[in-house]
Amino acid sequence: MGGVHYLDYAATAPLRPEALAAMQRQWSQVGNPSSLHTAGRAARRVVEESREQIAALIAAKPADIVFTSGGTEADNLGLKGIAMASSKRRLLVGAAEHHAVLDPAAALAGQGFQVDYLPVDALGRIDVDYLADALSDDVALVAVMWANNEVGTIQPIDEVARLCRRHHVPLHSDAVQVLGQLDLDVSGVTSVAISAHKVGGPVGVGALVLDRNQAVSPLLHGGGQERDVRSGTVDAAGIAGFAAALAAPKVDVRPLRDDLIRQVMVTVPDAVLNGDPVERLPNNAHFSFPGCPGDALLMLLDAQGVAVSTGSACTAGIPQPSHVLMAMGADEDLAGSSLRFSLGWASSQSDVDALAAALPQAVERARRAGGRRRS
Ligand code: PLP
């Protein structure tokens, strides 16, 4: 990673060599997968074999996979596509979802849908009892992410799926951060968003795993590719890279992540671990550093060659307090003093040690810069 200690896999992972090789193979070929000639059929074969390979790794039916341009498009298609095909006008959406879910939900609210937000507790877990009470015959769709991209909390998705099935309400789940981290079994969920670049595949490729029997309105109209749900020439090379990255040998980063948590707590004793301490993604550690502006801390660590994230979005370059932490009950100060550390297939002990070495001084300096030095 060119001398950088990269601790931001939840933003994007380095390309796996297996993915690069698969894409290079396909890039050197010509052929539109929709073309009927030999070259087109060869490209189609690559797409269909990749579809089968991805499906087998997530307990999906190959026919349910709709390739998209990434997780954002998959979430938009899941939400808008299902909502717009429904005669019902109420949506139940997790309060701590990614913006790829929250923003299409807000757009649907502007088109006459009633959107009710499902609260999360202090660990970021969805309130299942609240969902049980809120579910009724007029609900077009429930959206609850599989695991949170900021604090890493894994949702009780089996329970959520059971409730939705009981009420015959489709469930959309964003599993972008889960793919490659947990053994994903999508078979009980109507609509699941995944993305290649979080697992070492290319940016700009993803999929919606959508139950074939679920009515959906396409967002893109055109050539009718992907069973008429998602028109546009299918990216055979990108899809081959996606499958190759997902099929590449798994790397268990949990011990490394546990050591990262331990070292942060030793070097900065007042750091607060956010999210569920047990039911959390194995590659995620998310901390608040009281009195310490997260964006200043990020830049100080970056200057030491350690790449991390505040985890929350920027609007026009201005860091916003995390809606996830706010939904979990944090105040704006604590929400603004947080960093996410995320690991992946090429992470090493030296990355964690570099963070632990740089962190205490960076925290001290960030606190001074924030003018909120603690005694
Ligand atoms: N959903 C979650 C939970 C994510 O973390 C991300 C990426 O940050 C996305 C959706 C968007 O995926 P993509 O970058 O492939 O559009």
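Structure first, text after, so check above.
Cut-offs applied
Along each chain, residues carry numbers from 1 onward, in the same order as the chain's sequence is written. Totals for whole chains, interfaces and linings use all residues, but because this is a predicted model, local features are given only for residues with pLDDT of at least 70 and pairs of side-chain atoms are given and counted only at 80 or more. The basis for every side-chain value is the complete set of non-hydrogen atoms in the structure, without hydrogens or water. The way it works is a 1 Å grid over only the protein atoms, where trapped points that fit a 1.4 Å probe form a cavity and open points with protein on both sides within 12 Å along at least five of seven lines form a pocket, and then any residue with an atom within 4 Å of a point lines it. Grid points are joined across faces, edges and corners, and a volume is the space filled by probe spheres set on the points. Here a helix means four or more residues in a row that DSSP labels H or I, a strand means two or more in a row labelled E, and each is numbered from the N terminus. Three categories are distinguished: nonpolar for Ala, Val, Leu, Ile, Met, Phe, Trp, Tyr, Cys and Pro, charged for Asp, Glu, Lys and Arg, and polar for the others, with Gly belonging to the last. These domain limits were set by an automatic method or by a database of domain assignments. Whenever a carboxyl oxygen of Asp or Glu lies within 4 Å of a side-chain nitrogen of Lys or Arg, that contact is scored as a salt bridge. For every residue, the accessible area obtained with a 1.4 Å probe (protein chains only) is divided by the maximum for its type, and the residue is called buried under 20%, exposed over 50%, and partly exposed between those limits. Here is the rule: rings of Phe, Tyr and Trp (six-membered ring for Trp) pair when centre to centre is within 6.5 Å. Planes less than 30 degrees apart are stacked, more than 60 are edge-to-face, and the remainder are tilted. When we say a residue is near a molecule or strand, we mean one of its heavy atoms is within 4 Å of it. Two N or O atoms count as a polar contact when they lie within 3.5 Å, although within protein this holds only if one can serve as hydrogen donor and the other as acceptor, and sequence-adjacent residues are included solely when both atoms are side-chain atoms. Here the open area of atoms and residues is found with the Shrake-Rupley method and a 1.4 Å probe, where only the protein chains shown may cover a residue. Criterion for pocket placement: a molecule counts as inside a cavity or pocket if more than half of its atoms are within 2 Å of its grid points.

This next bit is on the layout of surface pockets. Looking at the largest pocket, its volume works out to about 400 Å³. Around the largest pocket sit 28 residues that line it, and A10, H98, N149, Q177 and K198 are the ones nearest its centre. For the lining of the largest pocket, the secondary structure elements donating two or more residues are α3 (71–85), α4 (99–109) and α10 (323–327). Among the elements that take part in the lining of the largest pocket, α3 stands out by supplying three residues, more than any other. Across the lining of the largest pocket, the residue classes tally to ten nonpolar, twelve polar and six charged. Among the domains, domain 1 (5–12 + 251–374) and domain 2 (17–247) are the pair contributing at least three residues each to the lining of the largest pocket.

Attention now moves to the pattern of salt bridges. All told, the structure shown has eleven salt bridges when counted by the stated rule. With its nearest N and O atoms 2.8 Å apart, the salt bridge here joins R51 to E48. One end of the pair, R51, and the other, E48, are both in helix α2 (residues 38–57), three residues apart, so they sit about a helical turn from each other. The buried category is assigned to R51, whose relative accessible area is 7%.

As a further point, take the packing of aromatic side chains. Applying the stated criterion across every chain, the model contains three aromatic pairs. Summarising the aromatic geometry, the rings of Y6 and Y9 are spaced 5.4 Å apart at their centres and angled 65 degrees between planes, so their arrangement reads as edge-to-face. Per residue, the accessibility class of Y6 equals that of Y9, and both read buried. Judged by centre distance (6.2 Å) and plane angle (50 degrees), the rings of F287 and F341 are tilted. Pair noted here: F287 is in strand β10 (residues 284–288) and F341 is in strand β14 (residues 338–342), with a separation of 54 residues, a long-range link.

Neighbouring the ligand are the residues G70, G71, T72, D75, H98, N149, D174, V176, Q177, S195, H197 and K198. Contact distances for the ligand include 2.5 Å between a nitrogen atom and a side-chain N or O atom of D174. Here S195 contributes a side-chain N or O atom positioned 2.6 Å from an oxygen atom of the ligand. About the coverage of the ligand: the protein hides 84% of its 390 Å² of free accessible area. More than half of the atoms of the ligand fall within 2 Å of the grid points belonging to the largest pocket. Among the elements that take part in the shell around the ligand, α3 stands out by supplying three residues, more than any other. Partitioned by chemical class, the residues of the shell around the ligand number one nonpolar, eight polar and three charged.

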